[in-house]
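# Per-entry structural report
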Amino acid sequence: DGGITQSPKYLFRKEGQNVTLSCEQNLNHDAMYWYRQDPGQGLRLIYYSQIVNDFQKGDIAEGYSVSREKKESFPLTVTSAQKNPTAFYLCASSRTSGIYNEQFFGPGTRLTVL
Amino acid sequence: AQSVTQLDSQVPVFEEAPVELRCNYSSSVSVYLFWYVQYPNQGLQLLLKYLSGSTLVKGINGFEAEFNKSQTSFHLRKPSVHISDTAEYFCAVTEMDSNYQLIWGAGTKLIIKP
């Protein structure tokens, strides 16, 4: 079955550590996205990539980094510079970033800073 | 869209009763509209979308929504809810000239009472 996988499902981090969240899709989608979700708020865009080896900052990119070396993979690194990283992180992909922007979502990773 | 407002953070309703979840947006250009559903601890799934044509859009699980351009609204409705509809519902909007990035509402939790 085609879809998006995220790992791990739960992640615990000590303050000052960098962590990397995995996102893989086998839908052959060009565009991929990372969102952060906090209680009582909508989804906020961290980074997005429309094509391999290219990505753009979203609304809350500070303290995060990404790479897009392969079409199917878009890992997110939460760095120690991110002041409040505890949140639910969602990865999504779409066929293109064009008009039919139906985004398909992974199951999410819940990151907790200890 | 400059903003998306979901007027209710929670909507409690009895099983088999009708429900309406409200969504309003602000934009001066043409928009495309989406409703997504998020079950507990999962990613988001597309319920329905409005791109053009009939303003009454039917989606999965018996949901429908009506686009009202004059009132800049896209309310979600279901004539009879089931316990399995317990979830959080997100409205999202994208403008034609925005590189098609989605602007998200804060979400509405639908609570089904037995």
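Relevant structure appears above.
Residues numbered from 1 in each chain as written. Chains lettered and ligands numbered in written order. Predicted model: local features only at pLDDT ≥ 70, side-chain atom pairs only at ≥ 80, totals over all residues. Heavy atoms only, no water.

### Focus: the overall build of chain B
The criterion, for reference: We count a stretch as a helix when DSSP gives it H or I for four or more residues in a row; a strand needs E for two or more, and each element gets its number in order from the N terminus. Throughout, radius of gyration means the C-alpha value; the globule benchmark is 2.2 Å times the number of residues raised to the power 0.38. Throughout this description, buried means an accessible area under 20% of the type-specific maximum (1.4 Å probe, protein chains only), exposed means over 50%, and partly exposed covers the range between. Should any heavy atoms of two residues lie within 4.5 Å, those residues are counted as being in contact. The positive count covers Lys and Arg only, the negative count covers Asp and Glu only, and His and the chain ends enter neither. Charge positions come from single atoms, namely NZ of Lys, CZ of Arg, CG of Asp or CD of Glu.
Along chain B, the regular secondary structure elements total 0 helices and 12 strands. The order of helices and strands in chain B, counted from the N terminus, is β-β-β-β-β-β-β-β-β-β-β-β. In summary, chain B has a C-alpha radius of gyration of 14 Å against a globular reference of 13 Å for 114 residues, a match within 12%. With the C-alpha coordinates aligned to their principal axes, the bounding extent of chain B is approximately 45 × 30 × 20 Å. Put simply, chain B has 114 residues, and 47% of those count as buried. Summarising the internal contacts of chain B: among those between residues at least 6 apart in sequence, 56% fall at separations of at least 24. In chain B, the 8 positive side-chain charges and the 10 negative ones have mean positions that sit 1 Å from each other.

### Section: the pairing of strand β4 (residues 31–37) of chain A
All names here are of chain A. Spelled out, the test is: We call two strands paired when DSSP finds no fewer than two bridges between them.
Among the 7 residues in β4, 7 count as buried, and that is most of the element. The alternating pattern of β4 places Ala31, Tyr33, Tyr35 and Gln37 and Met32, Trp34 and Arg36 on opposite faces, both of which are buried. Across 7 bridges, β4 lies against strand β9 (residues 87–94) in antiparallel orientation. Opposite Tyr35, over in β9, you have Leu90 as the bridge partner. With 6 bridges joining them, β4 and strand β5 (residues 43–51) adopt antiparallel strand pairing. Looking across to β5, one finds that Met32 is bridged to Ser49. Joining the antiparallel neighbours β4 and β5 is a turn of 5 residues, in which Gly40 adopts a positive phi near 75°.

### Thoughts on the sheet that holds strand β7 (residues 64–66) of chain A
Residues and elements named next belong to chain A. To keep things clear, this is the line we draw: The axes used here are C-alpha line fits, helices contributing only the stretch in contact, and every angle between their N-to-C directions lies in the interval 0 to 180 degrees.
Strand order in the open sheet formed by 4 strands is β1-β3-β8-β7, with antiparallel pairing between adjacent strands. The open sheet has two edge strands, β1 (4–7) and β7, and neither has a second partner. Strand-to-strand twist across the sheet, computed as the mean angle between neighbouring axes with direction ignored, equals 20°.

### Focus: the packing of aromatic side chains
Applicable threshold: Here is the rule: rings of Phe, Tyr and Trp (six-membered ring for Trp) pair when centre to centre is within 6.5 Å. Planes less than 30 degrees apart are stacked, more than 60 are edge-to-face, and the remainder are tilted.
Under the criterion given, the structure shown has 12 aromatic pairs over all chains. Look at Tyr33 of chain A and Tyr48 of chain A: their rings are 6.5 Å apart centre to centre, the planes differ by 20°, and that puts the pair in the stacked class. Here Tyr33 of chain A is found in strand β4, whereas its partner Tyr48 of chain A is found in strand β5, with 15 residues between them in sequence. We classify Tyr48 of chain A as buried; its relative accessible area is 11%. Centre to centre, the rings of Tyr50 of chain B and Phe67 of chain B are 4.6 Å apart; their planes meet at 35°, and the pair counts as tilted. With Tyr50 of chain B in strand β6 (residues 44–50) and Phe67 of chain B in strand β8 (residues 64–68), the pair connects residues that are 17 residues apart, well separated along the chain. Relative accessible area serves as the criterion here: at 9%, Tyr50 of chain B is assigned to the buried category. The exposure class of Phe67 of chain B is buried, given its relative accessible area of 10%. Cluster of aromatic residues (ring-pair linked, three or more members): Tyr33, Tyr35, Tyr48 and Phe105 of chain A together with Tyr36, Phe90 and Trp104 of chain B.

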